[in-house]
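# Per-entry structural report
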Amino acid sequence: APSEAFVDRFAKVYTPIVFLLAVAVAAIPPIFFGGAGDVWFYRALVLLVIACPCALVLATPISVVSGLASLARQGVLVKGGKYLEALGKLKAIAMDKTGTLTEGKFKVQTFRTFGGADEQEVLKVALALERLSSHPLAKAILEHGKSYSGAVPEAKNFAAIPGRGTEGWVDSCLYFAGNHKLAHDLGVCSDEIEAYLSELESQALSVIIIGHKPHDAHRGSVMGIFGLGDTLKSNARAAIQELHRIGISKVLVLSGDNQKTVDALCNAVGVDEGKGDLLPEDKVTEIKKLTERFRDVAMVGDGVNDAPALANATIGVSMGAAGTDSAIETSDVSLMQDDLSQLPKAVAHGRRVLRVIQFN
């Protein structure tokens, strides 16, 4: 821990100075002023005992170990004293949306086809692409598609588009499955589709758009749109309020989801600000901006896309149960029960440990 390193450096200077003072107390009065040798030797020993840096050196590690053990009993694993102290110094916290503030268990609420596309054909393409993805939205599509009785072909040359969706060849045609941003970038959104997407997003629904991707002579088109809803964690609002109460200046949501959905969520839980349509590198940029402003910043997330932001924050916090391996490995703190209410408790605990160290 930083305070422990400081004490070690301090003791290297402090200890020899005290020892030289003790030698001076034992020698100078008897030699130059006629003092009793046994009396001043005894006083030199008293000085050594009182000034011994043992208590100073032990004050930090004992406090840190006690703090780490206490948090571990509560289901919060901290990877060392350095990160426990960092918890106590936090001024701002950024959070991912899906799986952090929400349960991450999406369910298809609406499904609509466009351009005369057959519903079963759209479902077949969606299943072919999404069964190769690990995203929570993809899992919801697969759950919804259990009613599909036909054969699902293998998607050829499948590729994940970070922060956008997926693409692949199905039955000799190139298809995509992605968010509003991907469809907009591909230039396949008509006024009708934009209006429908806006309607879904205003209801805080996430969208998955299935369509032909423009290639060669094919202009591309939207075949169908899924509207998916997620459930807000029951204690999310209370956790945000508690973070503000213990002195966190800013709580920010960073999400790859569309901005309207993020805004609706922020209003529901009392978050200071929300930013949507972010790629993993965009989240890193936002974390760096926060760090420049507040210095001590945490990032809370659970997915592969959150790992770069977790690594660039002062301290990374992952959801230990639902989080991906890369997020847990990159993070410095893991909430093993995925309970967001543990976060303000961990920050408050870190601040208490800092106060104990300073008092010691």
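Every value quoted in this text rests on a predicted model; they were computed, and no experiment measured them.

Conventions and cut-offs
- Counting restarts for each chain, with residues numbered from 1 along the sequence as it is written.
- Reporting in this predicted model follows two pLDDT cut-offs: at least 70 for local features of residues, and 80 or more for side-chain atom pairs to be given and counted; totals over whole chains, interfaces and linings ignore these cut-offs and use all residues.
- In computing side-chain properties, one takes all heavy atoms of the structure into account and sets aside hydrogens as well as water.
- One bridge is not enough; two strands pair if DSSP finds at least two bridges between them.
- The way it works is that DSSP assigns letters per residue, a run of H or I at least four long becomes a helix, a run of E at least two long becomes a strand, and they are numbered from the N terminus.
- Interaxial angles span 0 to 180 degrees and are taken between N-to-C directions of axes, which are lines fitted to C-alpha atoms, for helices over the stretch in contact.
- The salt bridge definition used is simple: a Lys or Arg side-chain nitrogen within 4 Å of an Asp or Glu carboxyl oxygen.
- With a 1.4 Å probe rolled over the protein chains alone, any residue whose accessible area is under 20% of its type maximum counts as buried; one over 50% counts as exposed, and the rest are partly exposed.

Next up on the list: the sheet that holds strand β8 (residues 221-229). As summarised here, the arrangement of the six strands in space is β3-β8-β7-β6-β5-β4, forming an open sheet in which the pairing is antiparallel. Strands with a single pairing partner mark the edges of an open sheet, and in this sheet they are β3 (107-113) and β4 (156-161). Strand after strand, the sheet turns through a mean of 15° between neighbouring axes, direction not considered. Pairing analysis gives six bridges linking strand β5 (residues 165-170) to strand β6 (residues 173-178), with the strands arranged antiparallel. Of the residues in β6, the one forming a bridge with E167 is F176.

With that settled, the discussion passes to the pattern of salt bridges. On inspection of all chains with the given rule, the structure shows 15 salt bridges. Note that D171 is salt-bridged to K124, the shortest N-O span being 2.7 Å. Of the two residues, D171 is situated in the loop between β5 and β6 and K124 in helix α5 (residues 119-130); the sequence distance between them amounts to 47 residues. What makes K124 buried here is its relative accessible area of 12%. Note that K283 is salt-bridged to D306, the shortest N-O span being 2.7 Å.

Below, the discussion takes up the sheet that holds strand β12 (residues 315-319). Pairing is mixed in the open sheet, where seven strands are placed in the order β1-β13-β12-β11-β2-β9-β10. Where the open sheet ends on each side, the last strands, each with one partner, are β1 (76-78) and β10 (273-275). Pairs of neighbouring strands in the sheet enclose a mean axial angle of 20°, with direction left out of account. Alignment of strand β2 (residues 92-95) against strand β11 (residues 297-301), held across four bridges, turns out to be parallel. Residue pairing for β11: A92 is matched across the bridge by V297.

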